[in-house]
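A closer look at the structure
Below, each chain spelled out in residue letters.
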Amino acid sequence: MLEIQNLQATVADKPILKGLSLTINAGEIHAIMGPNGAGKSTLGYTLGGRPGYEVTGGTATLDGTDLFELEPYERAAAGLFLGFQYPVEIPGVSFVQFLRESANAQRKARGEAPLSGGEFLKLAKEKAGLLRMDMDMLKRPVNVGFSGGEKKRAEMVQMGILDPKIAILDETDSGLDIDALRICGEGINAIMRKPDKAVLLITHYQRLLDYVKPDFVHVLAGGRIVRSGGPELALELEENGYEAVAA
Ligand SMILES: Nc1ncnc2c1ncn2[C@@H]1O[C@H](COP(=O)(O)OP(=O)(O)OP(=O)(O)O)[C@@H](O)[C@H]1O
Ligand SMILES: [Mg+2]
C-alpha cells in the first residue's frame, strides 16, 4: 500500500531523512519509535506534503501513485491521513463545519456526491460516539481551547469521518489520560484495523501499542530505519533504551 524507498528530505536545508525505506501492506499496523529529533514527525510531514519539507531523493507511492507528484489535498483525497503531534487550532471555523467541508472536498476529488446535512450529522455522531466525544464540543472552533487530550480525540473523530486508507498517527497517545488512551486505541482499531487499510503509529511508549497491537515495530534513528522487528521490539526498547537496541 505505502512504499517508501531511500527517502531523503531536508528541513531548512538541513538533511533530516537520509535514505529511509519502509513498506506497509494493506491490513498491517506498523509502529515507529526513535529518539527525539530522529526525524519521525519529518517523515509524516514529508509524506503529507507540508511546505518547508523538501524531498531531495527517493520515492514514496500509495497504491502505486507517486505521492510527491500530488498536492497535499490530493494526497488526502487519495487516502492519506496525517494525525499531528501538535494539532492546530483554527479560530472562527467550527469543527462540524470543518469536518463536513473536508469530507465533502475529498468526496468531490474522488468523484463522489457530497454528503447531505443529515447524512453528515449521522456520520459525525457515530464517529464522535466511538471516541466518546460530546457533539457540543464539535460545535466549537477547531481545537480552540481544547485540552491536549481532547485535541487528540477530536483528531480521531476526524479520521473516522475521512475514512482514509492509511493513517500516520504522530504521537496520538501523548497527553492522553488513562481512559482516553484506551478510548483512542479502541477508536483506532474500530476505524482502521481492516484488511484494506493500514496504520503507521509514531510513538515513544508501549502504552498505545497495548491497545493497537502492531505487526511490525521499527526504530528510526539518524534519519533512517535502523532496526525492524515484531511487537517484542517495542518491549525490548522500553527495557533497554535506544542505545542498546539501535547501536
Ligand atoms: N524548521 C526547522 N529548522 C531547522 N531544523 C528543524 C526544523 N524543523 C525540524 N527541524 C529538525 O529536524 C529534526 C527532526 O525533527 P522531528 O520533528 O522530525 O523529530 P522527531 O523524531 O519527530 O522527534 P520527537 O520525538 O521529539 O517528536 C530535529 O533535529 C529538528 O530540530
Ligand atoms: Mg515528532
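Provided above is the structure to which this section pertains.
What counts and how
Residues numbered from 1 in each chain as written. Chains lettered and ligands numbered in written order. Predicted model: local features only at pLDDT ≥ 70, side-chain atom pairs only at ≥ 80, totals over all residues. Heavy atoms only, no water. Helix = DSSP H or I, 4+ residues; strand = E, 2+ residues; numbered from the N terminus. Rg over C-alpha atoms; globule rule 2.2 N^0.38 Å. Buried < 20%, exposed > 50% of the residue type's maximum accessible area, 1.4 Å probe, protein only. Contact = heavy atoms within 4.5 Å. Areas by Shrake-Rupley, 256 points an atom, 1.4 Å probe, with all protein chains shown as cover. Lys, Arg positive; Asp, Glu negative; His and termini not counted. Charge placed at Lys NZ, Arg CZ, Asp CG, Glu CD. Donors = N, O, S within 2.8 Å, 3.2 Å for Na, K, Ca; no water. Phe/Tyr/Trp six-rings, centres within 6.5 Å; stacked < 30°, edge-to-face > 60°. Axes fitted to C-alpha atoms, helices over the stretch in contact; angles between N-to-C directions. Parallel < 35°, antiparallel > 145°, perpendicular 65-115°, else oblique. Left-handed = near helix turned anticlockwise from the far one by under 90°. Nonpolar A, V, L, I, M, F, W, Y, C, P; charged D, E, K, R; others polar. Salt bridge = Lys/Arg side-chain N within 4 Å of Asp/Glu carboxyl O.

1. Digging into the overall build of the chain
When helices and strands are tallied, the chain shows seven helices and twelve strands. Expected size for 247 residues packed as a compact globule is a radius of gyration near 18 Å; at 18 Å, the chain falls within 12% of this value. Counting only C-alpha atoms and orienting by the principal axes, one finds that the chain spans roughly 55 × 40 × 35 Å. Counting over 247 residues, the chain shows a buried share of 49%. Considering only residue pairs separated by 6 or more positions, the chain has 68% of its internal contacts joining residues 24 or more positions apart. Surface exposure of the chain reaches about 11,300 Å², of which carbon and sulfur atoms provide 51%. Within the chain, the 33 negative side-chain charges are centred at a point lying 4 Å from the centre of the 27 positive side-chain charges.

2. A few points about the coordination of the magnesium ion (ligand 2)
The coordination sphere of the magnesium ion (ligand 2), as far as protein atoms go, consists of Ser-41 (OG) and Gln-85 (OE1), spread over 2.0 to 2.2 Å. Placement of Ser-41 in helix H1 (residues 40-48) and of Gln-85 in the loop between strand S6 (80-83) and strand S7 (90-94) is noted, with a sequence separation of 44 residues between them. On the accessibility criterion, Gln-85 (15% relative accessible area) is buried.

3. Quick look at the packing of aromatic side chains
The relation between two aromatic rings is expressed through the spacing of the ring centres and the mutual angle of the planes. For the coordinates displayed, the defined rule picks out four aromatic pairs. For the pair Tyr-45 and Phe-84, a centre-to-centre distance of 6.1 Å together with 40° between the ring planes defines the contact as tilted. Of this pair, Tyr-45 sits in helix H1 while Phe-84 sits in the loop between S6 and S7, placing them 39 residues apart in sequence. For Phe-84, a relative accessible area of 28% gives the class partly exposed.

4. Description of the packing of helix H4 (residues 117-130) against helix H5 (residues 148-162)
The interhelical angle for the contact between H4 and H5, taken along N-to-C directions, is 135°, at an axis separation of 9 Å. In terms of their interaxial angle, H4 and H5 are classed as oblique. As H4 runs across H5, the sense of the crossing is right-handed. Where H4 abuts H5, its residues Phe-120, Leu-123, Ala-124, Lys-127 and Ala-128 lie against Val-157, Gly-160 and Ile-161. Grouping the amino acids of the contact of H4 with H5 by side-chain chemistry returns six nonpolar, one polar and one charged.

5. Some remarks on the pattern of salt bridges
Working definition: two side chains of opposite charge can pair if their charged atoms are close together. Inspection of the entire model under this criterion finds ten salt bridges. With a shortest N-O distance of 2.8 Å, Asp-63 and Lys-165 are connected by a salt bridge. One end of the pair, Asp-63, is in the loop between strand S4 (53-62) and strand S5 (65-66); the other, Lys-165, is in the loop between H5 and strand S9 (166-170), and 102 residues separate them in sequence. Between Arg-207 and Asp-173 there is a salt bridge, with its nearest N and O atoms 3.2 Å apart. Of the two residues, Arg-207 sits in the loop between strand S10 (198-202) and strand S11 (216-221) while Asp-173 sits in the loop between S9 and helix H6 (178-192), which places them 34 residues apart along the sequence. When its relative accessible area of 33% is taken as the criterion, Arg-207 is described as partly exposed. Looking at Asp-173, the relative accessible area reads 2%, which means it is buried.

6. Brief notes about the packing of helix H3 (residues 95-109) against H5
Contact pair H3 / H5: the axes reach a minimum separation of 10 Å and the direction vectors enclose 30°. Our classification of the angle between H3 and H5 gives roughly parallel. With respect to the hand of their crossing, H3 and H5 are arranged in right-handed fashion. For the pair H3 and H5, contact is made by Phe-95, Phe-98, Leu-99, Ser-102, Ala-103 and Gln-106 and by Ala-154, Val-157, Gln-158, Ile-161 and Leu-162, respectively. The residue makeup of the contact of H3 with H5, split by class, is eight nonpolar, three polar and no charged.

7. Regarding the environment of Glu-186
In this fold, Glu-186 is placed in helix H6. The spatial distance from the C-alpha of Glu-186 to the C-alpha of Asn-104 is 26 Å, given a sequence separation of 82 residues.

8. Some thoughts on H1
Of all the nine residues making up H1, nine are buried; the element is thus mostly covered by neighbouring parts of the structure. Taken together, the buried positions of H1 are Lys-40, Ser-41, Thr-42, Leu-43, Gly-44, Tyr-45, Thr-46, Leu-47 and Gly-48. Looking one or two residues past H1, Gly-49 carries a phi angle of roughly 90°, positive in sign.

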